[in-house]
Amino acid sequence: MSEHKSGFVAIVGRPNVGKSTLLNRIVGQKIAIMSDKAQTTRNKIQGVYTAPEAQIIFIDTPGIHKPKHRLGDFMVETAYSALKEVDAVLFMISADEKRGRGDDFIMERLKTNKTPVFLVINKIDKVHPDDLLGIIEDYTSQMAFTEVVPISATEGNNFETLMTTLIEQMPVGPQYFPDDQITDHPEYFIVSELVREKVLLLTRDEVPHSVAVVVDSMKRNENDKVHIQATIIVERNSQKGIIIGKGGKMLKDIGTKARRDIEQLLGDKVFLELWVKVQKDWRDKKTYLQDYGYRPDDY
Ligand SMILES: Nc1nc2c(ncn2[C@@H]2O[C@H](COP(=O)(O)OP(=O)(O)OP(=O)(O)O)[C@@H](O)[C@H]2O)c(=O)[nH]1
Ligand SMILES: [Mg+2]
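Below you will find a few notes about this structure. Since we're looking at a predicted model, the values are computed, not measured.

1. Observations concerning the overall build of the protein chain
A count of helical and extended segments in the protein chain gives 9 helices and 9 strands. Scaling as 2.2 N^0.38, a compact globule of 299 residues should have a C-alpha radius of gyration of about 19 Å, and the protein chain matches this with 20 Å. On the principal axes, the C-alpha backbone points of the protein chain span a range of 55 × 45 × 40 Å. Here the protein chain holds 299 residues, and the buried ones make up 52% of them.

2. A few points about the sheet that holds strand E8 (residues 226-234)
In a beta sheet, neighbouring strands are held together by backbone hydrogen bonds and run either parallel or antiparallel to one another. Within the open sheet, the 3 strands sit side by side as E7-E8-E9. Their pairing is mixed. The open sheet has two free edges, formed respectively by strand E7 (212-220) and strand E9 (270-278), since each of these has just one partner strand. Pairwise comparison of adjacent strand axes, ignoring direction, gives a mean angle of 15° for this sheet. Pairing between E7 and E8: 8 bridges, direction antiparallel. Counted as the bridge partner of Lys 219 is His 227 from E8. Contacts from helix H6 (residues 187-202) reach E7, E8 and E9 within the one sheet, and its direction differs from that of E7 by about 130°. Against the sheet, helix H8 (residues 249-266) makes contact with E7, E8 and E9, and its axis sits at roughly 135° relative to E9, the strand it touches most.

3. Here we look at the coordination of the magnesium ion (ligand 2)
Taken together, the protein ligands of the magnesium ion (ligand 2) are Ser 20 (OG) and Thr 41 (OG1), with distances of 2.0 to 2.1 Å. Here Thr 41 lies in the loop between helix H1 (19-27) and strand E2 (45-51) and Ser 20 lies in helix H1, a separation of 21 residues in the sequence. Comparing Ser 20 with Thr 41 shows no difference in burial state: the two are buried.

4. With respect to the site of ligand 1
Lining the immediate surroundings of ligand 1 are 22 residues, of which Lys 19, Thr 21, Thr 40, Thr 41 and Asp 125 lie closest. One of the backbone N or O atoms of Ala 153 is found 2.9 Å from an oxygen atom in ligand 1. Ranked by residue count, the leading element in the shell around ligand 1 is H1, at 3 residues. For the shell around ligand 1, the per-class residue count stands at 5 nonpolar, 12 polar and 5 charged.

Calculation notes
- Throughout this description, residue numbers start from 1 for each chain and increase along the sequence as written.
- Lettering of chains starts at A and numbering of ligands starts at 1, both following the order in which they are written.
- Predicted model: local features are reported for residues with pLDDT of at least 70 only, side-chain atom pairs are reported and counted for 80 or more only, and whole-chain, interface and lining totals are derived from all residues.
- Values shown for side chains rest on all heavy atoms present in the structure; no hydrogens or waters enter the calculation.
- Here a strand is any run of E in DSSP of at least two residues, a helix any run of H or I of at least four, and the numbering for each starts at the N terminus.
- Each radius of gyration is computed over the set of C-alpha atoms, and the globule rule expresses the reference value as 2.2 Å times the number of residues to the power 0.38.
- Burial classification: accessible surface area is computed with a 1.4 Å probe over protein chains only, and a residue below 20% of its type maximum counts as buried, one above 50% as exposed, and the rest as partly exposed.
- Strand pairing is defined by DSSP finding a minimum of two bridges between the two strands.
- Geometry is summarised by axes, namely lines fitted to C-alpha atoms with helices restricted to the contacting stretch, and by angles between N-to-C directions that run from 0 to 180 degrees.
- In what follows, residue pairs with any heavy atoms lying within 4.5 Å of each other are defined as contacts.
- The donor definition counts N, O and S atoms within 2.8 Å of each metal and applies 3.2 Å to Na, K and Ca; water is not among these atoms, so some sites may look incomplete.
- Residue proximity to a molecule or strand is established when one non-hydrogen atom of the residue lies within 4 Å of it.
- Between N or O atoms, a polar contact is any pair within 3.5 Å; within protein, one atom must be a potential hydrogen donor and the other a potential acceptor, and residues adjacent in sequence are included only when both atoms are from side chains.
- Each residue gets one of three labels, nonpolar for Ala, Val, Leu, Ile, Met, Phe, Trp, Tyr, Cys and Pro, charged for Asp, Glu, Lys and Arg, and polar for the others, Gly among them.

Have a look at this one:
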């Protein structure tokens, strides 16, 4: 029998290419929120993949972009910090988008690292198979990759190939986490993220980007329901109006949808109470960023 392998793998790329979707497929559960809006992920999210022969800890990261706020600075720094001390990097691109300055910028950064880089071409379900060769040629002319793996994170195409190739790349090492642990994030963090995901789903323009969610309390009461109180923070009064909606309809919608996901996560009935608060320009204020969970010392 061959020796047990283990290692750390960072998933990086521009916003919206499907990094979190891949992470969720890897761990088989929703631990990272996903949306069609750019800049969904704001923190590093660790997901643990455990097989009899190997354990890989994946680090999903915020999409690398040109920051316009302190929050953006934090997100990009967070993404880069994941490149330290990993055994491999998955550089993810989307097959239906042309290579842009953002991709070139990320590749320049990756070239300064000695870590093996896999080019993961995601969303192949959206393009004709004949288009793949052109994409591969375009990227491999820019940088030498350890492997190139075209996948579909939503459909699962080539997923097994990606995992097998990655396991081959991992060094011999122990199992760090128990079999049933899939993340190191506390439940309240995922709960707050699930609420934010519903805001991303139901609002548009600047609103999704202006929102933070904080879980104020999480208690199990006598009838075994989990009682959760959370606050949705926005940057201005007009946004508070949008989040609450006509007659409170929007807030109710956010709550209903979030509750379903939270019940799935916790495996229990949930009573979710949501509040909305304005904190002017919080995305540019250091203390608020820290209060809402965007702390650089967590790097
Ligand atoms: N058609 C198709 N859509 C995909 C695929 N993978 C992800 N998506 C969609 O792409 C969008 C972005 O997915 P995310 O997983 O949130 O992307 P991300 O790279 O984590 O984005 P950020 O967190 O903003 O950096 C979502 O609407 C996904 O459903 C895929 O393989 N095929
Ligand atoms: Mg993401």
